[in-house]
Amino acid sequence: MQKPKRILILGPESTGKSTLAEDLAKHFGEPWVPEYAREYLEQINRPYQFEDLVEIGKGQVALEDKMAGRAKKLLFCDTDLRVIHIWSEHRFEKTNTWVLEEIERRTYDLILLTDTDLPWTPDPLREYPELEMRQYFFKKYLQLAQESGFPFLIVSGDREKRLNTAIGALEELI
């Protein structure tokens, strides 16, 4: 049996990653992997520390691998360890070695990079509503996408346009 193609949806806060992952999963009848950080941060009930980022990363990886077992052709991943890496560097000026090693080890068939052209949606777990900061993080994620060696596509526009752009790219992929 062929392994499902893993599609990474990457981008700054409040750029429609979860919405796109869910919409694509629904369109293709495949599973999607939610962002584990949200579940983790809601449970700890305190500001996160450097050590928490590894636990979040391990939870994300475990959830992704679990959901891969349920996928037939495609698995949509709402974030990955690159997000842990960027946040860790930004907040603590370092990244745990395990996170960096896993980034190198794990592969994706396509990265959909979500642009900052959607309006900010307030959420208590989000930290940077300023467009300048969202664009700063977008550039960081773009650099990681370019360095990954995986094909990537920037998705922008409203929800429908993003979905249609992504569907077009995925139909070519499969």
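This text goes with the structure placed above it.
Residues numbered from 1 in each chain as written. Predicted model: local features only at pLDDT ≥ 70, side-chain atom pairs only at ≥ 80, totals over all residues. Heavy atoms only, no water.

Colleague: For this particular structure, what's the right way to read the layout of surface pockets?
Modeller: Volume-wise, the second largest pocket comes out at about 290 Å³. For the lining of the second largest pocket, the elements supplying multiple residues, two or more each, are β1 (5-10) and α3 (50-68). For the lining of the second largest pocket, the element with the most residues is α3, which contributes 3 residues. Across the lining of the second largest pocket, the residue classes break down as 5 nonpolar, 3 polar and 8 charged. (1 Å grid on protein atoms, 1.4 Å probe; cavity = no way out; pocket = protein on both sides within 12 Å on 5 of 7 lines; lining within 4 Å. Points joined across faces, edges and corners; volume = space filled by probe spheres on them. Helix = DSSP H or I, 4+ residues; strand = E, 2+ residues; numbered from the N terminus. Nonpolar A, V, L, I, M, F, W, Y, C, P; charged D, E, K, R; others polar.)

Colleague: Whenever I open this one, the packing of aromatic side chains confuses me. Can you help?
Modeller: How two aromatic rings sit relative to each other is set out by the distance from centre to centre and by the angle between their planes. In the structure shown here, the tally under the stated rule is 7 aromatic pairs. When the centroid spacing of 6.2 Å and the interplanar angle of 45 degrees are considered together, the rings of tyrosine 36 and tyrosine 40 count as tilted. Placement of the pair is tyrosine 36 and tyrosine 40 together in helix α2 (residues 36-44), with a separation of 4 residues, close to one helical turn. Assessed through its relative accessible area of 19%, tyrosine 36 is described here as buried. According to the relative accessible area criterion, tyrosine 40 is buried, its value standing at 13%. Its guanidinium or amino end placed over the ring of tryptophan 98, lysine 58 lies 5.7 Å from that ring's centre, counting from NZ or CZ. The side chain of lysine 94 reaches across the aromatic face of phenylalanine 50, ending 4.3 Å from its centre. (Phe/Tyr/Trp six-rings, centres within 6.5 Å; stacked < 30°, edge-to-face > 60°. Buried < 20%, exposed > 50% of the residue type's maximum accessible area, 1.4 Å probe, protein only. Lys NZ or Arg CZ within 6 Å of the ring centre and 35° of its normal.)

Colleague: Before we go on, may I ask you to explain the pattern of salt bridges in this structure?
Modeller: Pairing between side chains of opposite charge can happen when their charged atoms approach one another. Summed over all chains, the structure comprises 10 salt bridges. Across the pair arginine 82 and aspartate 80 runs a salt bridge whose closest N-O atoms are separated by 2.4 Å. Comparing arginine 82 with aspartate 80, the two get one shared label, buried. A salt bridge links glutamate 102 to arginine 105, with the shortest nitrogen-to-oxygen separation between them at 2.9 Å. Remark: arginine 105 and glutamate 102 occur in helix α5 (residues 97-105); sequence separation between them is 3 residues, near one turn of the helix. Glutamate 102 sits in the buried class, given a relative accessible area of 11%. The exposed category is assigned to arginine 105, whose relative accessible area is 54%. (Salt bridge = Lys/Arg side-chain N within 4 Å of Asp/Glu carboxyl O.)

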